[in-house]
Amino acid sequence: EVQLVESGGGLVQPGGSLRLSCAASGFTFTNYWIHWVRQAPGEGLVWVSHINGDGSSTNYADFVKGRFTISRDNAKNTVTLQMNSLRAEDTAVYYCAKGGSYNWNPLDYWGQGTLVTVSS
Amino acid sequence: QSALTQPASVSGSPGQSITISCTGTSSDVGGYNYVSWYQHHPGKAPKLMIYDVSNRPSGVSNRFSGSKSGNTASLTISGLQAEDEADYYCSSYRSSSFYVFGTGTKVTVL
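All values derive from a computational prediction rather than experimental measurement.

*Asks:* Before we move on, can you summarise the overall build of chain B with the specific residues and values?
*Replies:* When helices and strands are tallied, chain B shows 0 helices and 9 strands. The N-to-C order of helical and strand elements in chain B reads β-β-β-β-β-β-β-β-β. By the compact-globule yardstick of 13 Å for 110 residues, chain B fits well, its C-alpha radius of gyration being 13 Å. Projected onto its principal axes, the C-alpha positions of chain B cover 40 × 25 × 25 Å. Counting every position in chain B, which comprises 110 residues, the buried fraction comes to 46%.

Following this line, the structure appears as structure tokens:
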């Protein structure tokens, strides 16, 4: 059974940092892109970032470029989203999702999400 | 990075059919057959319902179908059921920014 479990969310002050993790199981981890998608309160889903199977290719939405870094540890089947210089508008539930072998493939499994709140 | 355009809400009675539209541009919906649809019950993990415009993943009811014409994709739910009440999002590959979601549609079963 495919499972994705996010962790690391919490309350952080503006300008602070937070590190989210996504633990994956039930599939051959190294074969797939992993994505982060967020949903701000009362808003829709927004794509944030993704990373390919061996970690050699990463991409970011413009609004997080230069502040967020995605990485993966294939020995531990985990993907990490390092979030720096956080702003109030980064407040959201962050989901990790499994993609396919290509970056245009759909997101076929999602985690339950972890809440990030940026507030003083 | 503008979102794809969806109606804010669509409603229908049990047993009826409803259609949700998703309008983009030639750089996303119109340019690629990589449109997906997701069902999201608040507080739960989103679920893939349709991929590559019209394909259903294993286990998804055949009451859900997808199509595309030009820059607009559509999701049709036939034989509407109470459990279909949820938020629905389209998404598409976009050459300039990789992945874009729609604005979301709240489906209400009357």
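Okay, back to it.
*Asks:* Talk me through the interface of chain B and chain A; I want residue IDs and the actual numbers.
*Replies:* Facing the 18 residues of chain B at the interface are 23 residues of chain A. Between chain B and chain A lies a buried interface of about 1,700 Å² when both sides are counted; carbon and sulfur atoms form 65% of it. On the surface where chain B and chain A come into contact, there are 0 salt bridges. If you look at where chain B meets chain A, you find 5 residue pairs in polar contact (both at pLDDT 80 or more). Residues that form the side of chain B that touches chain A fall into these classes: 11 nonpolar, 6 polar and 1 charged.

*Asks:* Tell me about the sheet that holds strand E2 (residues 18-23) of chain B, and name the residues and values.
*Replies:* Residues and elements named next belong to chain B. With respect to topology, 3 strands assemble into an open sheet ordered E2-E6-E5, the strand pairing being antiparallel. A single partner strand is all that each edge strand has here, and the edge strands are E2 and strand E5 (64-69). For this sheet, the mean inter-axis angle between neighbouring strands, taken without regard to orientation, is 20°. Relative to strand E6 (residues 72-77), E2 is paired through 6 bridges, and the arrangement is antiparallel.

*Asks:* Break down the state of the cysteines for me, with residues and values.
*Replies:* Residues and elements named next belong to chain B. Under the criterion given, the structure shown has 2 disulfides over all chains. For Cys22, the disulfide goes to Cys90, at an S-S distance of 2.1 Å. Negative torsions about the S-S bond denote left-handed disulfides, and the value of about 75° found for Cys22 with Cys90 makes this one right-handed. Taken as a pair, Cys22 in strand E2 and Cys90 in strand E7 (residues 86-94) lie far apart in primary sequence, 68 residues in all.

*Asks:* I'd like a rundown of the pairing of E6(B), residues and numbers included.
*Replies:* All names here are of chain B. Here 6 bridges tie E5 to E6, and the two strands are oriented antiparallel to one another. Opposite Lys68, over in E6, you have Ala73 as the bridge partner. The loop that links E5 with its antiparallel partner E6 comprises 2 residues; one of these, Gly70, has a positive phi angle of about 60°.

*Asks:* With reference to specific residues and values, describe the sheet that holds strand E3 (residues 18-25) of chain A.
*Replies:* All names here are of chain A. An order of E1-E3-E8-E7 is seen for the 4 strands of this open sheet, with the pairing classed as antiparallel. Of all the strands in the sheet, the pair left with one neighbour each is strand E1 (3-7) and strand E7 (68-73). Shown here is a sheet whose adjacent strand axes are inclined to one another by a mean of 15°, direction ignored. Here E1 pairs with E3 via 5 bridges, running antiparallel. Residue pairing across strands places Glu6 opposite Cys22, the latter belonging to E3.

*Asks:* I'd love a proper account of the pattern of salt bridges, names of residues and values included.
*Replies:* Residue and element names in this part refer to chain A. In the structure shown here, the tally under the stated rule is 6 salt bridges over all chains. Between Asp62 and Lys65 there is a salt bridge, with its nearest N and O atoms 3.1 Å apart. As far as burial versus exposure is concerned, Asp62 and Lys65 are alike and both exposed. With a closest N to O distance of 3.0 Å, Lys98 and Asp108 form a salt bridge. Taken together, the residues span a long stretch of sequence, with Lys98 in strand E9 (residues 92-98) and Asp108 in the loop between E9 and strand E10 (109-110) at a distance of 10 residues. Here Lys98 falls in the buried class, since its relative accessible area comes to 5%. The exposure class of Asp108 is partly exposed, given its relative accessible area of 28%.

About the cut-offs
- Residues numbered from 1 in each chain as written.
- Chains lettered and ligands numbered in written order.
- Predicted model: local features only at pLDDT ≥ 70, side-chain atom pairs only at ≥ 80, totals over all residues.
- Heavy atoms only, no water.
- Helix = DSSP H or I, 4+ residues; strand = E, 2+ residues; numbered from the N terminus.
- Rg over C-alpha atoms; globule rule 2.2 N^0.38 Å.
- Buried < 20%, exposed > 50% of the residue type's maximum accessible area, 1.4 Å probe, protein only.
- Contact = heavy atoms within 4.5 Å.
- Buried area = accessible area lost by both parts, 1.4 Å probe.
- Salt bridge = Lys/Arg side-chain N within 4 Å of Asp/Glu carboxyl O.
- Polar contact = N/O pair within 3.5 Å; in protein donor to acceptor, adjacent residues only side chain to side chain.
- Nonpolar A, V, L, I, M, F, W, Y, C, P; charged D, E, K, R; others polar.
- Pairing = 2+ DSSP bridges.
- Axes fitted to C-alpha atoms, helices over the stretch in contact; angles between N-to-C directions.
- Disulfide = S-S within 2.5 Å.

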